[in-house]
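Structural characterization, general
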Amino acid sequence: MNVLTQRFTSPALMIALFAFVLQATAWAQSAAEREQNNADNAKLALIKNIPVPDNPDAIAGTFELGGETVKVTAGEHYDVRVLINQMEGSARRPLSSDDAWARIILNAWADALEIQVTPDEIEKRLQTRNPAVHEGLLKRWNAIGVSAESGEAYERSRLKIAHLKNLLFDSNRATTRAAFDQFKTRKLQYQFEYVCFQNSDFTEELKAKGVTDEDLQAFWKRDRSVAARFRLPATVSGGIVYFDPSEFTPEMVAQLGDASKVTRKRALAYFKANQKRLVGAIPPNKRHLLSLGPDTPLEKVVSPFSLVKDEIMKKLTLEHLITEAHQEALASGAKADLPALAKKYHLGYHKLDKLDRRGAMQELREFGIPAFSQLYGAPVGHLSRQLSVVGDLRFFFFVSGREESRLPELADVKDEIRAFYLESQAGQLARAAAKEILDEMDAKVNKLLEPERVRLAQEATDQANDEIAQMNLTKESDKRRARARAQGRMRLPLDKKRKSLLPDIFDEIVKRRKLQLTKTPYFEFAVSREDRSTIKDVAASRLMFLTASYQVRALPKGGVTAMILEDHLTHSYILGRLLDKKDPSINTMGPVDLIQARGQVKQIAQARFPRNFRFADLRKQFGFKATK
């Protein structure tokens, strides 16, 4: 035994360490006891803050249960409030008078339903069969001022309320009727009638008037969307020489010869450095070989390295090709012939001819997301000094040209600008036509509502003045708030009246202007919009737009849109009315729909269930009244 071992195993040191452990344990226990005593003292202080009733026999509150009025004295309420604060309350979260009333009502409810708590349940809750635990529980109760009888009554009450909740939750089943009601909310049938103004309605008119060069010049300078639409993107030209081991077949490797000796040690080092990526790249048809069962023979155990060893050896054997090609390119400088180098060393070559960022997302995706920025950021004539690595792919590049983003000359895109000008102007005219109808509807309804608005405004002013006088408000800010609240209350009946007048006004305008109304078939609201870019039928695309419109869904039956519905894909501006909103037939609900709807009903019930036992809901349910 050496000196160091003797020093750390000497009896004196062992005794000192043992004494230190005992002392640390005592410190931890005393700290826990101090913390518990502080909590107990806080609870005792909390109980002292609960007001003691002057007359315990006075009736503090009543509620209706089973057709009878239950009266609760102030003393009973006080005892319950004290007990639940002793058992559950804390200085940070004291239980209020309402919490005590909720406990009293729930206990009475459980008793009315004859819910019983068995002796065995009480024994398990109080651990009476385990004397050590039970004695500790009684000591805890005693420290916070709770007798054994009160503690047992509290636990019995909690068990009764738990049984009551379980009983009510089990009885709250998802019936077929409830499931169908839930199903209907997703399958309501809508029918919409509308007038539509399209760009195409005004294009021919604009063509007949003609478009001058001055118009195009002004449009080119004025409209910012022109720059966004016709601006030429930044581009880069050049070439990339790359090495991809997956493109080399075993026959190609054999023809090239073993240019470098690769040892197993070097292959293992490469595997360890890239283990996560290499194991993740093991094909699915070989992954089962890595799974070991309890009865797998030892000779069938396969390591991840063995499954990727051939690829690693091939990569390390051939990686000198890209290195030698790069060195030769650097020696030649700007005169390097990259296609010839790629052919000489059996590498890949990718030519870049005015490639923009959008095209690079497709053509250069295997070279990594930053590839375009890497190329465009290099100066013209630059040959990359370092090899870039993306997975097993290695490459270097040369930049032969670069063009910055710019606006073309107007003469070069005159025909395209003319078409875009016609489309833009036609869209403005179509939207203006729809807005003209909307403005006329608003003007007429405002004229009809003016007497009602004046009357309601006067009523709001009178109510505000009465409130100011009753509450003796003196501050100008308080008076303004009172007037604002009164005016706000006026808007609801005015809006309701407005919505009732709009359908007749809409019909009158449509009839007088001889506008064409289009009526949709019944449709369901679409939760998510589908891709309409490939749909050539304009009417079908517009219908798909309406089925996904929240403005249409929010309309009441007969309601008229209060805003223009703009479908930019079909260049349409729509105003209309919801003709009908009806429930689907129950025959449309299949077995799968029924299962889904029942699941949704259960989820909604579970979310709402806890709220049924809060005092605010219990007060309404049982008609609770506090006695003043």
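See above for the structure.
Note that the structure is a prediction, hence the values are computed from the model and not measured.

**Focus on the overall build of the chain**
Across its full length, the chain carries 26 helices and twelve strands. A burial count over the chain gives 35% of its 628 residues as buried. Look at the contacts in the chain between residues 6 or more apart in sequence, and 73% of them connect residues 24 or more apart. Approximately 39600 Å² of the chain is accessible, and the part contributed by carbon and sulfur atoms is 53%.

**Considering the side chain of Thr235**
In this fold, Thr235 is placed in strand 4 (residues 235–243). Residues contacting Thr235, with those up to four places away along its chain left out, are Lys354, Leu355, Asp356, Tyr376, Arg402 and Glu403.

**Quick notes on the pattern of salt bridges**
Here the structure, examined in full by the defined rule, presents 31 salt bridges. Between Arg431 and Glu566 there is a salt bridge; the shortest N-O distance is 2.6 Å. One end of the pair, Arg431, is in helix 21 (residues 414–470); the other, Glu566, is in strand 10 (residues 565–567), and 135 residues separate them in sequence. A salt bridge links Glu440 to Lys444, with the nearest nitrogen and oxygen atoms 3.9 Å apart. Of this pair, Glu440 and Lys444 both sit in helix 21, separated by four residues, roughly a single helical turn. On the accessibility criterion, Lys444 (29% relative accessible area) is partly exposed. When salt bridges that share partners are traced, they join Glu436, Glu440, Lys444, Glu508, Arg512 and Arg513 into one network.

**Focus on the sheet that holds strand 5 (residues 348–356)**
With respect to topology, four strands assemble into an open sheet ordered 5-4-7-6, the strand pairing being antiparallel. Unpaired on one side and paired on the other, strand 5 and strand 6 (388–390) mark the two borders of the sheet. Adjacent strand axes in the sheet meet at a mean angle of 30° when their direction is disregarded. Both strand 4 and strand 5 contribute to a ladder of seven bridges, which runs antiparallel. For Val236, the partnering residue across the bridge sits in strand 5 and is Leu355.

**Concerning the sheet that holds strand 2 (residues 68–73)**
Spatially, the three strands line up as an open sheet ordered 2-1-12, and their pairing is antiparallel. Strands at the two margins of the open sheet, each flanked by one partner only, are strand 2 and strand 12 (625–626). Strand direction decides the pairing type here: strand 1 (residues 59–65) and strand 12, joined by two bridges, are antiparallel. For Thr62, the partnering residue across the bridge sits in strand 12 and is Lys625. Packed on one face of the sheet, helix 3 (residues 74–87) meets strand 1 and strand 2 and runs near 70° to strand 2. Packing against the sheet, helix 4 (residues 97–112) makes contact with strand 1 and strand 2, and its axis sits at approximately 40° to strand 1.

**Description of the packing of aromatic side chains**
Per the stated rule, a full pass over the model turns up 15 aromatic pairs. Joined through ring pairs, the aromatic side chains of Phe219, Phe230, Phe420 and Tyr421 make up one cluster. The ring of Tyr376 has Arg402 lying over it, and the distance from NZ or CZ to the ring centre is 5.2 Å. The aromatic ring of Tyr522 is capped on one face by Lys582, whose charged end is 4.0 Å from the ring centroid.

**Overview of helix 17 (residues 320–332)**
One turn of the α-helix equals 3.6 residues, which is why residues spaced by three or four share an orientation. The end-to-end C-alpha distance of helix 17 is 18 Å, a good match for the 18 Å that 13 residues give at a rise of 1.5 Å each. Those residues of helix 17 that fall on the buried side of the exposure criterion are His320, Leu321, Ile322, Ala325, His326 and Ala329. In the segment just after helix 17, Gly333 is the residue with positive phi, at about 70°.

**Focus: the side chain of Ser549**
Residue position: Ser549 is located in the loop between helix 23 (538–547) and helix 24 (550–554). In this structure the side chain of Ser549 is engaged in a polar contact, spanning 3.1 Å, whose partner is the side chain of Gln551. Reaching out from Ser549, the side chain makes a polar contact with the backbone nitrogen of Val552 at a distance of 3.3 Å.

**Concerning the nonpolar core**
Formed by 34 residues in total, the largest nonpolar core has its most connected members in Phe197, Val226, Ile417, Met441 and Leu575. Of all the secondary-structure elements, those providing two or more residues to this core are strand 3 (189–198), helix 9 (200–209), helix 10 (213–222), helix 11 (224–230), helix 21, helix 22 (476–513) and strand 11 (572–582). Contact partners of Met441, with chain neighbours within four places excluded, come to Leu502, Ile505, Phe506, Ile509 and Val560.

**Details of helix 25 (residues 591–608)**
Here helix 25 is 18 residues long and its end C-alpha atoms lie 26 Å apart, about the 26 Å a rise of 1.5 Å per residue gives. Of the positions making up helix 25, those classed as buried are Asp593, Leu594, Ala597, Val601 and Ala605. Buried residues of helix 25, viewed axially, fall in a sector of 105°; they line one side. Looking at helix 25, the residues exposed on the side facing more than 90 degrees away from the buried face are Val592, Ile595, Lys602, Gln603 and Ala607. Buried residues belonging to helix 25 abut helix 8 (176–187).

**Brief notes about the layout of surface pockets**
In this structure, the largest pocket spans a volume of roughly 440 Å³. Considering the residues around the largest pocket, the lining is formed by 16 residues, among which Glu88, Arg103, Leu106, Lys165 and Phe613 are closest to the centre. The dominant element in the lining of the largest pocket, judged by the number of residues it contributes, is helix 4, at five residues. Of the residues contributing to the lining of the largest pocket, the split by class is eight nonpolar, no polar and eight charged.

**What about unusual backbone geometry?**
One non-glycine residue, His346, lies in the positive phi region at around 60°. Using a relative accessible area of 44% as the deciding quantity, one classes His346 as partly exposed. The phi dihedral of Lys354 is positive, around 50°, even though this residue is not glycine. Along the chain, Lys354 turns up in strand 5. Note on Lys354: relative accessible area 52%, which makes it exposed.

**A few points about the packing of helix 3 against helix 4**
At their nearest, the axes of helix 3 and helix 4 sit 9 Å apart, and the two run at 105° to each other. Considered as vectors, helix 3 and helix 4 are oriented roughly perpendicular to each other. Contacts between helix 3 and helix 4 involve His77, Val80, Arg81 and Ile84 from the former and Ser97, Asp99, Ala100, Trp101, Arg103 and Ile104 from the latter. Split by residue class, the contact of helix 3 with helix 4 holds five nonpolar, two polar and three charged.

Conventions adopted
Here the residue numbering is sequential within each chain, running from 1 through the sequence in written order. Predicted model: local features are reported for residues with pLDDT of at least 70 only, side-chain atom pairs are reported and counted for 80 or more only, and whole-chain, interface and lining totals are derived from all residues. Hydrogens and waters are ignored; side-chain quantities use all the structure's heavy atoms. Think of it this way: any DSSP run of H or I at least four residues long counts as a helix, any run of E at least two long counts as a strand, and we number them from the N terminus. With a 1.4 Å probe rolled over the protein chains alone, any residue whose accessible area is under 20% of its type maximum counts as buried; one over 50% counts as exposed, and the rest are partly exposed. Contacts are assigned to residue pairs that have any heavy atoms within 4.5 Å of one another. Here the Shrake-Rupley method, with its probe set to 1.4 Å, supplies the accessible areas, and only the displayed protein chains count as covering residues. Salt bridges, as used here, are contacts in which a Lys or Arg side-chain nitrogen is within 4 Å of a carboxyl oxygen on Asp or Glu. Here a strand pair is declared whenever DSSP counts at least two bridges between the two strands. Lines fitted to C-alpha atoms define the axes, with helix axes restricted to the stretch in contact, and inter-axis angles between N-to-C directions lie between 0 and 180 degrees. Centre distance within 6.5 Å is the pairing criterion for rings of Phe, Tyr and Trp, where only the six-membered ring of Trp is used; planes under 30 degrees apart are then read as stacked, over 60 as edge-to-face, and the remainder as tilted. Only when the NZ of Lys or the CZ of Arg is both within 6 Å of the ring centre and within 35 degrees of the ring normal is a charge said to sit over the ring. Any helix carries an expected span of 1.5 Å times its number of residues minus one. Any pair of N or O atoms that falls within 3.5 Å is considered a polar contact. Within protein, one atom must be able to donate a hydrogen and the other to accept it, and sequence-neighbouring residues count only if both atoms are side-chain atoms. Definition of nonpolar core: a set of buried residues of the types Ala, Val, Leu, Ile, Met, Phe, Trp, Tyr and Cys, connected through side-chain atoms within 4.5 Å. To be clear, the arc concerns the directions from the helix axis to the C-beta atoms. A 1.4 Å probe that fits but cannot get out identifies a cavity on a 1 Å grid over protein atoms alone, an open set with protein on both sides within 12 Å along at least five of seven lines counts as a pocket, and a residue lines either if it has an atom within 4 Å of a point. Grid points are joined across faces, edges and corners, and a volume is the space filled by probe spheres set on the points. Following the grouping adopted for this structure description, the nonpolar residues are Ala, Val, Leu, Ile, Met, Phe, Trp, Tyr, Cys and Pro, the charged ones are Asp, Glu, Lys and Arg, and the polar ones are all others, Gly among them. Note that the term roughly parallel is reserved for angles under 35 degrees, roughly antiparallel for angles over 145, roughly perpendicular for angles of 65 to 115, and oblique for everything else.

All we've got here are geometric facts, nothing functional implied.
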